[in-house]
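Structural features, examined
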Amino acid sequence: MKKALSHTLKYLTVFSSLGGVALSLVRAQKDGYSHFLKRLLYFTAQSNIWIGLTVLAILFLLLTKAEKREKRAERLYLLRYVFTVSITITGLIFCGLLAPFSDGSYRPWTVSNVLTHVCAPVFAVADYFLDGG
């Protein structure tokens, strides 16, 4: 049960982080950016991409039961720790400072913002504590 929940949280982390960034890139010009790649310069996009790719690599390693898994897993779990901290900072700053105090011109609660600033941090932190770090 615990293993299944951990795998589900990993899938949700990958979906919310990478899916949220992809959605924000699609909507970049509508949101006022001159080019969609400028959105990748933000800490939010980078922290979501890195946590998504790291958790995806961990999932791949777990599902394939690759040889020499211990060394690779040790490195990936260390990276996951670092990127979980960065995505948590993203979520805390957004939910504590940016969203509550934003003016009317900025719509903080769009789908891409919720995926990248709320869902991805919650899923990543929950998986981190459930999986044992």
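Things to note about the overall build of the protein
Tallying secondary structure elements over the protein gives 4 helices and 0 strands in all. Traced from its N-terminal end to its C-terminal end, the protein shows the element sequence α-α-α-α. Relative to a compact globule of 133 residues, whose C-alpha radius of gyration would be 14 Å, the protein shows 16 Å and is just as compact. Every one of the 133 residues in the protein was classed for burial, and the buried ones make up 38%. In the form shown here, the protein has an accessible surface area of approximately 8,200 Å², with 69% of it arising from carbon and sulfur atoms. The protein carries 15 positive and 7 negative side-chain charges, and their two centres are separated by 4 Å.

Here we look at the nonpolar core
Core analysis: the largest hydrophobic core is formed by 8 residues, namely Val14, Ile51, Val55, Leu59, Phe83, Ile87, Ala120 and Ala124. The set of elements that each furnish at least two residues to this core consists of α2 (43-64), α3 (69-98) and α4 (111-131). Take this core: its biggest share by element is 3 residues, from α2. Leaving out residues up to four positions away in the same chain, Ala124 has contacts with Thr13, Ile51, Thr84 and Ile87. Within the second largest apolar cluster, 6 residues are counted, among which are Leu61, Leu62, Ala73 and Leu76.

Side note on the packing of aromatic side chains
Aromatic ring pairs are defined here through the distance separating the ring centres and the angle between the ring planes. Enumeration over the complete set of coordinates arrives at 4 aromatic pairs. Centre to centre, the rings of Tyr81 and Tyr128 are 5.8 Å apart; their planes meet at 40 degrees, and the pair counts as tilted. In this pair, Tyr81 sits in helix α3 while Tyr128 sits in helix α4, placing the two residues 47 residues apart along the sequence. Look at Tyr81 and you get partly exposed, because its relative accessible area is 42%. Judged by relative accessible area, Tyr128 falls into the buried class, the value being 18%. A ring pair is formed by Phe94 and Trp109, whose centres lie 5.5 Å apart and whose planes are at 80 degrees; its orientation type is edge-to-face. Of this pair, Phe94 sits in helix α3 while Trp109 is found in the loop between α3 and α4, placing the two residues 15 residues apart along the sequence. We classify Phe94 as buried; its relative accessible area is 1%. Put simply, the rings of Tyr81, Tyr128 and Phe129 pair up and form one aromatic cluster.

The rules behind each value
Residues numbered from 1 in each chain as written. Predicted model: local features only at pLDDT ≥ 70, side-chain atom pairs only at ≥ 80, totals over all residues. Heavy atoms only, no water. Helix = DSSP H or I, 4+ residues; strand = E, 2+ residues; numbered from the N terminus. Rg over C-alpha atoms; globule rule 2.2 N^0.38 Å. Buried < 20%, exposed > 50% of the residue type's maximum accessible area, 1.4 Å probe, protein only. Areas by Shrake-Rupley, 256 points an atom, 1.4 Å probe, with all protein chains shown as cover. Lys, Arg positive; Asp, Glu negative; His and termini not counted. Charge placed at Lys NZ, Arg CZ, Asp CG, Glu CD. Core = buried A, V, L, I, M, F, W, Y, C linked by side-chain atoms within 4.5 Å. Contact = heavy atoms within 4.5 Å. Phe/Tyr/Trp six-rings, centres within 6.5 Å; stacked < 30°, edge-to-face > 60°.

The analysis is restricted to geometry; functional conclusions fall outside its scope.
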